Amino acid sequence: MVNLMLNLFVNQIVENYPAIDYIAIKTKKGEEISLNWEESEYSWNDDQSGSGRSLKKQMPKDIHAELRNVYFDTEEEEHTIPDSVKRESLKDAEIEEIQIFIENFSGRKEDVGFWLQQMVFHFSDTDEYYHLPITHDYKLILE
């Protein structure tokens, strides 16, 4: 099983947790892969000082996302790809696109900015971690 952990930065606080809606990567061989997952969990990294909800709502925040049981779009119930093949495909891969969704969002999309800080795959078969290199400032798309 493969899990994916991401750390994102958001430039302003929104009422509902942002959720990752779509992730596409491009392998070093040029193959585009859409990632899917069975479960997800999101949390604000509340390590900033200050008390009271109104103050915290105004501060930019880091978001931690954990996506569990990640699989490639080419996988089907009868045909799964072994973790070792996934691990090899991810080496030197690049991020093509990440889309974010916020339920009941009422603001202006152009006012909210998300930036990817870290993207780490965890392979439970070997207990290995693979940090997908983030080679440039990557702004995520709010859909």
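Residues numbered from 1 in each chain as written. Predicted model: local features only at pLDDT ≥ 70, side-chain atom pairs only at ≥ 80, totals over all residues. Heavy atoms only, no water.

Caption draft 1: Spatial organisation of the overall build of the protein chain. Helix and strand counts for the protein chain stand at 2 helices and 10 strands. For the protein chain, the proportion of its 143 residues judged to be buried stands at 38%. Residue pairs at least 24 apart in sequence account for 75% of intrachain contacts in the protein chain once pairs closer than 6 positions are excluded. Element-wise, carbon and sulfur atoms account for 43% of the exposed surface of the protein chain, whose accessible area totals about 8400 Å². (Helix = DSSP H or I, 4+ residues; strand = E, 2+ residues; numbered from the N terminus. Buried < 20%, exposed > 50% of the residue type's maximum accessible area, 1.4 Å probe, protein only. Contact = heavy atoms within 4.5 Å. Areas by Shrake-Rupley, 256 points an atom, 1.4 Å probe, with all protein chains shown as cover.)

Caption draft 2: How the structure looks around the pairing of strand β5 (residues 61-68). What you see with β5 is a clean split: Lys61, Ile63, Ala65 and Leu67 sit on the buried side and Asp62, His64, Glu66 and Arg68 on the side with no burial. Bridging between strand β4 (residues 39-45) and β5 involves 7 bridges; their strand directions are antiparallel. By the bridge assignment for β5, Glu39 is matched with Arg68. (Pairing = 2+ DSSP bridges.)

Caption draft 3: A look at the pattern of salt bridges. Going through the model one piece at a time under the given rule, you end up with 8 salt bridges. A salt bridge links Arg68 to Glu66, with the shortest nitrogen-to-oxygen separation between them at 3.5 Å. Since its relative accessible area comes to 22%, Glu66 is described here as partly exposed. Put simply, Arg108 and Asp111 hold a salt bridge, and the shortest N to O gap is 2.9 Å. Given a relative accessible area of 49%, Arg108 falls into the partly exposed group. Through salt bridges with shared partners, one network takes in Glu39, Glu41, Glu66 and Arg68. (Salt bridge = Lys/Arg side-chain N within 4 Å of Asp/Glu carboxyl O.)

Caption draft 4: Representation of the confidence of the model for the protein chain. Chain-level statistics for the protein chain give a pLDDT mean of 82 and a share of 84% at 70 or above. The element-level mean pLDDT for the protein chain is lowest in helix α1 (residues 53-58), coming to 45, with strand β3 (residues 32-36) highest at 94. For the stretch residues 48-57, pLDDT sits under 50, and the model shows 11 contacts to residues farther than four places along the chain or on other chains. (pLDDT = per-residue confidence, 0-100.)

Caption draft 5: Region of interest: the nonpolar core. Residues Leu6, Ile20, Ile23, Leu35, Met119 and Phe121 are the most contacted members of the largest nonpolar core, which totals 35 residues. Contributions of two or more residues to this core are made by β1 (2-10), β2 (18-26), β3, β4, β5, β7 (94-102), β8 (114-123) and β10 (139-142). Look past the residues within four positions of Ile20 in its chain and what remains in contact with it is Leu6, Leu8, Trp37, Tyr42, Ala65, Ile98, Gln99 and Ile100. (Core = buried A, V, L, I, M, F, W, Y, C linked by side-chain atoms within 4.5 Å.)

Caption draft 6: Summary view of the packing of aromatic side chains. Per the counting criterion, the structure on display carries 1 aromatic pair. Between Phe9 and Trp115, the aromatic rings sit 6.4 Å apart at their centres with planes inclined by 45°, giving tilted as the arrangement. With a gap of 106 residues between them, Phe9 in strand β1 and Trp115 in strand β8 connect regions that are remote in the sequence. The exposure class assigned to Trp115 is partly exposed, which follows from its relative accessible area of 24%. (Phe/Tyr/Trp six-rings, centres within 6.5 Å; stacked < 30°, edge-to-face > 60°.)

Caption draft 7: Representation of the side chain of Asn7. Relative to the helices and strands, Asn7 resides in strand β1. Judged by its relative accessible area of 16%, Asn7 falls in the buried class. What Asn7 contacts, discounting residues up to four positions off in sequence, is Asn45, Ile63, His64, Trp115, Leu116, Gln117 and Gln118.

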